[in-house]
Every structure is written in C-alpha cells, then in structure tokens.
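A closer look at the structure
Now for the letters of each chain:
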Amino acid sequence: MNINRLPTLNSRIFFALGTFIFGGHVFARSSFEFSVDNYSKQNFFSTAAISSIKDKKNINSVGSVEYRFTISTEDAGWYELWVEAGDWPTDLFLDNQLLGHFPLRSSVWRQEGRLRKVTNLKLDEGEHAIRFGRLYFPGLPNIRNIALKPSENYSGMVAAKVNASSMVFRKGEPFQLYLQTGQSAGTLNLNIRETQNEKIIWSTNQPATSAGETLSIPTDREGVFDLTIKHPVAGQSARTIQYVVIDTDNPNADIASSEDKQLIATIDPATSAADYYSSLPILAKGYVESGSNGAYENPVNPDYFAYTLRLPDKNGFYLVEVDYPDDENRTFTISLVDEAVNPYALDSGVVTGGSFPLSNSTKTSQLYFYARTNNPRLLFLNWHANQQIALSQIRVYKISSGLPSLMAQPSERLFGTFFEETLRFTTYFGAGPKSSEWDEIKKAADRWAEWSRFVGNNLWMQSIANYQSVMWPSKVLPGYAPAEEDRYGLIGPPSEKDPVQKDLVRLLLLTAEKNNLAFIGELNIPLIGFIRDALDLRFGGSGDSSRNTNETPWLTVSDQGKIGGKSPFDPYLNPVHPKAQEWVESIFSELAERYKDSPAFNGLAVRLMGWAFSSWQAFPSIHWGYDDFTVRLFEKETGIEVPVPETDAGRFKKRYDWLTQTQYERWVSWRCNKIFDFYKRLASILQSAKPGLKLYINAFGPDYSASDWGQYGGWRGRAAKLNKMGWSAVIKESGIDPEMFKSYPNIILSNASYYPPGVRAKGAEAASQAEVELKEIQDPSYISAAAHNDKNASESSVQFLSNYMEYDFPVINIGFNKLLRDKDKLRICGALEPPGKLVLSRYLDAMVKGNITLFTDGGVGYVLGQPNALRPFLKEYLNVPKIPMQKVANDSDVIALWYGFKSDQVYYYLVNKSDKAANVKINFSGGSESIRLASSQVDDTATISLEPYSLKSFTTVEPNSYPMRFDIVSLN
C-alpha cells in the first residue's frame, strides 16, 4: 500500500524546534501519511464505491476500511492520530481492538489545517492496523486524509480506556478507567464536572505511569458528568468522557403533592383572529369553523389555522386546553410546533361522530408540552372533506410544580405507553436542540417517568430496534444506526464525548427502575438496506443481496415466485430457516444477558405488522412460504410428498394450489408448530437469563402481507376473509395458532387494534377499511382466543395503536422559513381521541370481553392520553391484583362483572362501556360488604351505581365471598 513516510531530516528539524526531550536527548521519529484510496482491506464497498474512492480520494460508503503499517524499533512510541473527515461517529479499531465510537475529531485539541486530532496511540515495534468502520447509513464520514504524528508533548502521551460497554451506571456501580501515559509524564489532573450546573464535583491528581493503571471513577450521585484528563503544562491529554449515573434507590424524590397551574392566556377564536390560516375561520353557533378541505382528499390545499403562543418561559412546562363542540362529524389534529421539531411535532387531535355517539355539548382536549421556544404555534389541521375544525376557546396554563403520582405503591396490572419508533420520546418530552450528548436525553427520560407516574402508566413498551435504528450497542444488527445518530428526535452536532455507542436501553431501564415502572423492549427490525448484505454474508451468501433469487434458501417465496424487494411492504426472510432463526436468537441472547440485572426488565416483544414486515417473525400470510427449502422441510417432517418437481419454473403456484386445496389443515398446522417451537426457544433464552422474563407477541392484525392486499382483494377482500374465517383462523395462516399459547405462561399473545377505527380511510376502499378496523376493535374473539386460561378463569392482554394522521405540512404557512434541521416541512402524525369519557371506551370495551391484566397504547403522535379521564379509570384498574378472573354470566354486552381469588381474598370489578348510567344488583355467596380499592371506602355493594363509561373495583370484606350473579336494575 502507499504510505508516505515524511523525511527523517524534516522530522528531526521539527522535533528539534519543539518536541519533548527525554534525558537531554532529542528523539526524532517518523510521521505517517496514508493515501485514503490505498487501503489494505475493505469490507462491503461496492464496485462503484471503490471507483469513486480512487477518483475523489474520499471515503463515504457503508462498510469498513483498514490501513496497515509497520513501526520500526526507533519509531516505536506515542503517536497522535489526525484525520480529515466529517463529524459522523465512527468505530475506530487498532489491531482489531475497538478504541471507541466517536466523531473523528475532538474540540479539546486545536485544528491543524483540515486535519483534526482524534486520539493518542501507543505503538510498539511491529505491524499494526488502523480500521475505520461504519456499517450503517450514510456510511463512513467523508474520510479524505489520515496521518500519524509523533507526540510532541504530554498531551499526546495519554491513553484513557473505559472498561465498560455502557456509560450509564446505577448509583454506586463500579466505573473503571484504564489510564496509560508516556514515560515520566509527571502528574495528571482528573476532574469530574456536572453538566447541569458546570460545577466540578470531584478532582484528583494522578501520577502518570507508562505501565498503566486502573482507576475507579466515582458514581456516588445522580446526574450527567464530564470527565477530563489534563496535564498541568500540556493541557487536555485525552478526549472528554461523558457518563450518566441514576439513583435507582430513590424513586420518590421530588414528587409533587398536587398539580399547580396558572392560567397565562385565554384565546377566544370568535374575537381573536388566527395568526395563520388557509381561509379565515367563520363564526357560527358560538364557535369558529374552518373551511372543509381535508388533508387526505385535498393534500395540496387542506384547511388549517394556527395561533402563536406567547410563553413566558421557553423551557417551561405547559398545558393547552381546547374547547370544541361535539355536534358533527369532525376530524382535526392539534399540533404544538416550534422550530426544533425534527421533523415531528407534538400532535394530538379530535374525532367526533362516526362510530362515536354525539353528545351535542362542548368538550375539552388537553395537550401538555415542554416548551423549547417562546413562540410555538398551535396548529389545527382538517383531515377530511366536508368536515370542519371547530373551536370555542383555547386556554394556556403554566405548570409551576411537578406532577403528583397517581399511585403510591407499585401495581401488579400493567398499563403502558408504546412508542413505535426509537427516540420519539425525546420529541414529546422537550429535548432541546443542543446535541446528542446525554443531558437532553436523560432530561426527556426523567420527564417521561414523571408523566407516567402522574397519569398511571406503569409500563414502557419501547421499540428498541426499528426502521434501521437501534437503542443499544448491538453486535448482531449491522446496518442499524445508533438511535441518537439517525437524525430523528435529536438536533445538534453529535457528541464528541462518548467512548462507546450510547446504551439508551440501559438509560430507560434504570430510569424505569428508579420510578417503579416495568420495561419491555419491542423488536420490529425491518430488513432494509445494508443489513440485507450483512445477513446474506452471515447466512452463507456472497454479501450482495441484490444477487438473491427465489432459490436462496433463507428467503421466503410467495405463491407467485416472488421474493422480498426493496419496498418496506415486502416480506424477506424465511421464518423457519435455521440460519434466520439462529440470528434472531442471537439478538435475544444479547439483550437478555445485557439487561437481566435490572428488575425493571420484563422481557422482549416481537411485532407482527404488515407495514415493514420482514418475516423473520412469522409467515406473512397463506400466500408465502413456497420456497424449495420450506417445502422440502415440510415433506421430511410430515412424510407428505408435494407432487411438484423442483425443476418446474411454475412450482410455487402449483405448490400453493396443491397444499391449500388438498392438505390445508396439515400445511397450516405444520407452519404453526414450526413458529411456536421458534417462539418457545426465544422464550427459553429469556427465562434462562432471568426467570420471569416473558416474550410478548404483538399481532397488529391477523395477516402481514401488506404488499399482497391489492392482489388478493384489498380491504374488501380482507374484510370478506375476516367475516368468513374469523381472527383466529386467519392468523393461523401466518403460523400463529392462539390455542398453542394458552397454556404457555411465558409467551403473551396480544392482538393490537388500530384506534380510532377507520379515521385514515379514504378513497374507494374507505368503507371496507373502516369495517375491518371497527371489527377488530369490537370482535371479542381476539381477546378470548389469546387469553391464558386457568381452570374457569383467564387473563388477557390488549394493545392499541394510534391510527395517526400523517401529512407533510409546509412550515412557511405558519411563519417559519425553515426548521432548525433545515427542513421546510414538518411531518404531522396526529393521534386522535374521541370526546370526553369516550377516550376510555376502547379500554372498557376490552374489559367487558376479557380480564385484561396488560394494556398498551400509543405508537406515534401524542401518545400521552387525556389525564382528566384516564387518571380516575387507572386508579380503579391498577388497584386490582394481577390474577385470573372469571366473568359472571349475564346477557348484557355493555356491562360486565369479573371476579377472582388471591388466596381467600376475593377481588372483583364492574365495567360499564355504555353512554348510559346503570344501577346493578349483585348476589354474593356470603356478605356483600366490600372495600372500594381506589378509595379504601367500605360499603354494602349489594347495589352499585355506575356512571357512563366507568370502572369500579372492589374486594369483599368477608373472605371467600364472591359475586354469583348480577342484574341490571336500570340503564338510562
């Protein structure tokens, strides 16, 4: 390779003028410059990339590149690595040992021309290799020049290496730093500065030794800290190291006793004109209405209007309340927009009418937010033609206190927030546009925890690997970018202070642990981009997935002979191929071993969803799985010979026809057994690491071949199939047999319904889409089919995914030229809620049908709910222990009574999902005196009144006295 070795004479003159002298001798050593195109080795560069590197002398491709060089005896010693490159964090290796993951620069050292110093290296005599790696988009950071310069002074003779794979620590956990220095380097000063207030909290002088020494760094207080290492003469001698400490033993610190809010602004739309609008809103019936152009039907010119909020504190916590009429069909979003959105705003919204009964009264929508500027916009956007936004008043409050916790003690039943994307929580909890350093991320996580305690959410189900973004330093997900680097959620330059990739999962786990919350890591992992090439190489291919065909054994093949393409709708992996399964098992093993120490860690969830479904989880539908490998395996394990030769070009459709027409039950059953065996192995990995960990299967609908919907009848065909076969039969065609999970306690199967149903439906298939989504909400079979049974009692879990409204809105329409990320549009993802207590209708409907011990709700958009309705409901729900319960027989489909035993103590709850008040009479096997769980009040509960859309929970005073029968006395 081409290494330019600087002339020895120049080196000697250079050192003589300004280098360090040991023992009165001037040591002149050689510098090395590397021509970036003359590398020793590269991985994953395409032919086009190699040509471009040679032509432009610039490396910016996904992959890794290595440079080898030899150090002579006289040249051995300390060197400084200097690079000209962009600021994208990169893996840096020396002799196959990872030195760190950071930008190839550090502001602690001066810049020399275009070169920036990266780190110090101690190089002994012999051959060495420097490797740069970045196996995810957009690739290596435009590396143009690389140089190794002999260290001139003590600032180049220090190496600091953390002995940890995560820079997030519990209070008191060991944090060890290996420090190596040059010969007789004197004393180094180590300082720890708390980033929140810039105060030095710890300082020590450390004698420098060339032998190296392991130091213990204090972790005795919570916060984000910067560790610096300086020489008294030469200055900073190593990169700043940032780390996080969380005090998990202090969960109740700084919890407010009540919510303190002050009204700071009232906006009357009838008298205060909107600051921005598509057309001037019109006053009618005591409120103002927009025009009737909808973003879905008229995306070029939808109707909207917006107000500028004048906030006294740009970092404050606020509540906006919007009053609107519940009198007609309306669908509009409410977005809090500032210039720091990236590109997502905080998007709430309202849906009235349709499947929700109208009350013909004024209702209120709440939107809590953490400000980042003094003048955000409150944007209202209309979504459907012939509907209108309508408002009567807007109120803005400043929250001057913390938020009071709903529950004083941990709860057994779980109610959780689901985030579909990795760093959305930073957007929703006000992470500022500073950088990807830990400060803003930890602040957002702490706020999420406080909000969760306030509302009553005691579970975080966070997507930790999705859409080419990952939240932990994985060794088995090449092509997935660290979430803090994917340019969504955080704004600002990348941190220069991370010695290793950020461990965001551990940050959330320890924050959850501190706040008595449970944590489930959710995995979707679409196989898009570079990860396909990396897995192709892992599975035995060439590493070029573009060469794959329908004969590639680890790919699933449809009945049309199709394999997955570049569309996120397309399936990809063969879920029963051992190499694919082994790869998934390696992900589970990595996560289970890494996080088994946290009591907050409840397990891992697998997402089944037609959007971005790469089919490592299950078969997409009955139309997939007709590849040679799968059919041969079926023949081997069942003894059934499929009479279609492998040489037949049309074999895939013929196999489908024969198997579904003559062997349907055996074919579907075999597929279900294969997937269930796979899931049992995944669950066993979790159990082996930590007993009690569970595998959660989140089924967003019963089939996942979104790319096939048009071919097989679209929404109309899907509706007809569901009506004919039912949810359980359809999901079996994908390899998921709910009956298999009923008696297996370590796997929790849930159907996840889109909510509100039908709000995104548009075009010719709008009615069919709305029918399917409404049926999935209303159909009780998906709850009973996935229930875990215990004799006559059962437990179920249910998930809801916000049917968020998506639209790219030009920010110039609300007075911004561009956003801080230099974008001229923001992506609205509005999560709609029905009015008033109807926000509870989805939960109550599920609780009528099943004994729900786990709820999750969310996705993207404003997933924080409406606390004025949610808190009273959760106070009742969370006080019920997690026990199997049975339903008291009754003909009503709107009111239900469930009860169960915990030793000899009887617990029961009553649900009213109707819009009418009810009086219920209960017959008990013993005494009817009961304790209301939410208030500890003792009452005779032989007769109970229920408000519309309500839940009440009790325990009987007399042991073993249980409700035998109930009658609805009135419902009006």
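Remember, it's a predicted structure, so these values are computed and weren't measured experimentally.

In contact at an axis separation of 11 Å, helix H8 (residues 628–638) and helix H10 (residues 664–689) are set at 100° when each is read in the N-to-C sense. By the angle class used here, H8 and H10 are roughly perpendicular. Contact residues: Thr 630, Leu 633, Phe 634, Glu 637 and Thr 638 in H8; Arg 666, Trp 667, Trp 670 and Lys 674 in H10. Classifying every residue of the contact of H8 with H10 by side-chain character gives four nonpolar, two polar and three charged.

Before going further, it helps to examine the environment of Gly 564. You can see Gly 564 is positioned in the loop between helix H6 (530–538) and helix H7 (578–595). For Gly 564, a relative accessible area of 10% translates into the label buried. Residues Gly 564 and Thr 181, spaced 383 residues apart in sequence, show a C-alpha to C-alpha distance of 53 Å. Aside from chain neighbours lying at most four places away, what touches Gly 564 is Arg 532, Asp 570, Pro 571 and Tyr 572.

What follows concerns the domain arrangement of the chain. When the domains of the chain are assigned, the result is domain 1 (63–152), domain 2 (159–246), domain 3 (261–399) and domain 4 (885–971). Computed from C-alpha coordinates alone, the two centres of domain 2 and domain 3 are separated by 49 Å.

With that settled, consider empty space enclosed by the protein. One pass over the full model with this rule turns up six cavities of 30 Å³ or more. In this structure, the largest cavity encloses a volume near 190 Å³. Around the largest cavity sit 21 residues that line it, and Glu 833, Arg 842, Tyr 843, Asp 857 and Val 863 are the ones nearest its centre. Taken together, the elements giving at least two residues each to the lining of the largest cavity come down to strand E35 (414–419), strand E44 (793–802), helix H16 (841–849) and strand E47 (852–859). Taken together, the residues of the lining of the largest cavity break down into 12 nonpolar, six polar and three charged. Size it by volume and the second largest cavity reaches roughly 90 Å³. Forming the boundary of the second largest cavity are Leu 336, Asp 338, Val 341, Ala 345, Leu 346, Phe 369, Tyr 370, Arg 372, Thr 427, Tyr 428 and Gly 430. At the level of secondary structure, the elements contributing two or more residues to the lining of the second largest cavity comprise strand E31 (361–370) and helix H3 (424–428).

As a further point, take the nonpolar core. In terms of nonpolar packing, the biggest core is built from 206 residues, with Phe 380, Phe 425, Trp 472, Leu 523, Trp 583, Tyr 679 and Phe 873 touching the most fellow members. For this core, the leading source of residues is H10, giving 13 residues. Sequence-distant contacts of Phe 425, that is, excluding residues within four places in its chain, are made with Phe 419, Ile 441, Ala 444, Ala 445, Trp 448, Gln 462, Met 471 and Leu 508.

Let us look at the sheet that holds strand E23 (residues 261–267). Where strands meet in a sheet, backbone hydrogen bonds hold them as pairs that are either parallel or antiparallel. The strand order across the open sheet formed by four strands is E23-E34-E28-E31, and the pairing between neighbours is antiparallel. The outermost strands of the open sheet, each flanked by one partner alone, are E23 and E31. Sheet twist, expressed as the mean angle between neighbouring strand axes with direction ignored, is 25°. Summarising the sheet, E23 and strand E34 (residues 393–399) pair through six bridges and their orientation is antiparallel.

Turning our eyes to something else, we now look at the packing of H6 against H7. Two numbers describe how H6 lies on H7: the axes approach to 10 Å, and their chain directions differ by 110°. The angle between H6 and H7 falls in the class roughly perpendicular. Where H6 crosses over H7, the two elements pack in a sense that is right-handed. Contact residues: H6 offers Ile 531, Leu 535 and Arg 538, while H7 offers Glu 582, Trp 583 and Ser 586. Broken down by class, the residue content of the contact of H6 with H7 amounts to three nonpolar, one polar and two charged.

If you trace the three strands from one edge of the open sheet to the other, you get E25-E26-E33, paired in antiparallel fashion. Looking at strand neighbours, the two that pair on one side only are strand E25 (282–284) and strand E33 (390–391), the edges of this open sheet. Direction of pairing for strand E26 (residues 287–289) relative to E33: antiparallel, over a ladder of two bridges. Among the inter-strand pairings, Val 288 is bridged to a residue of E33, identified as Leu 391.

All right, on to the pairing of strand E12 (residues 126–134) then. In terms of burial, E12 is a largely internal element, seven of the nine residues being buried. Bridge count for strand E6 (residues 63–71) against E12 is nine bridges, and the pairing is antiparallel. When the sheet's bridge partners are listed, Phe 69 is paired in E12 with His 128.

About the thresholds
Residues numbered from 1 in each chain as written. Predicted model: local features only at pLDDT ≥ 70, side-chain atom pairs only at ≥ 80, totals over all residues. Heavy atoms only, no water. Axes fitted to C-alpha atoms, helices over the stretch in contact; angles between N-to-C directions. Helix = DSSP H or I, 4+ residues; strand = E, 2+ residues; numbered from the N terminus. Parallel < 35°, antiparallel > 145°, perpendicular 65-115°, else oblique. Contact = heavy atoms within 4.5 Å. Nonpolar A, V, L, I, M, F, W, Y, C, P; charged D, E, K, R; others polar. Buried < 20%, exposed > 50% of the residue type's maximum accessible area, 1.4 Å probe, protein only. Domains from an automatic or database assignment. 1 Å grid on protein atoms, 1.4 Å probe; cavity = no way out; pocket = protein on both sides within 12 Å on 5 of 7 lines; lining within 4 Å. Points joined across faces, edges and corners; volume = space filled by probe spheres on them. Core = buried A, V, L, I, M, F, W, Y, C linked by side-chain atoms within 4.5 Å. Pairing = 2+ DSSP bridges. Left-handed = near helix turned anticlockwise from the far one by under 90°.

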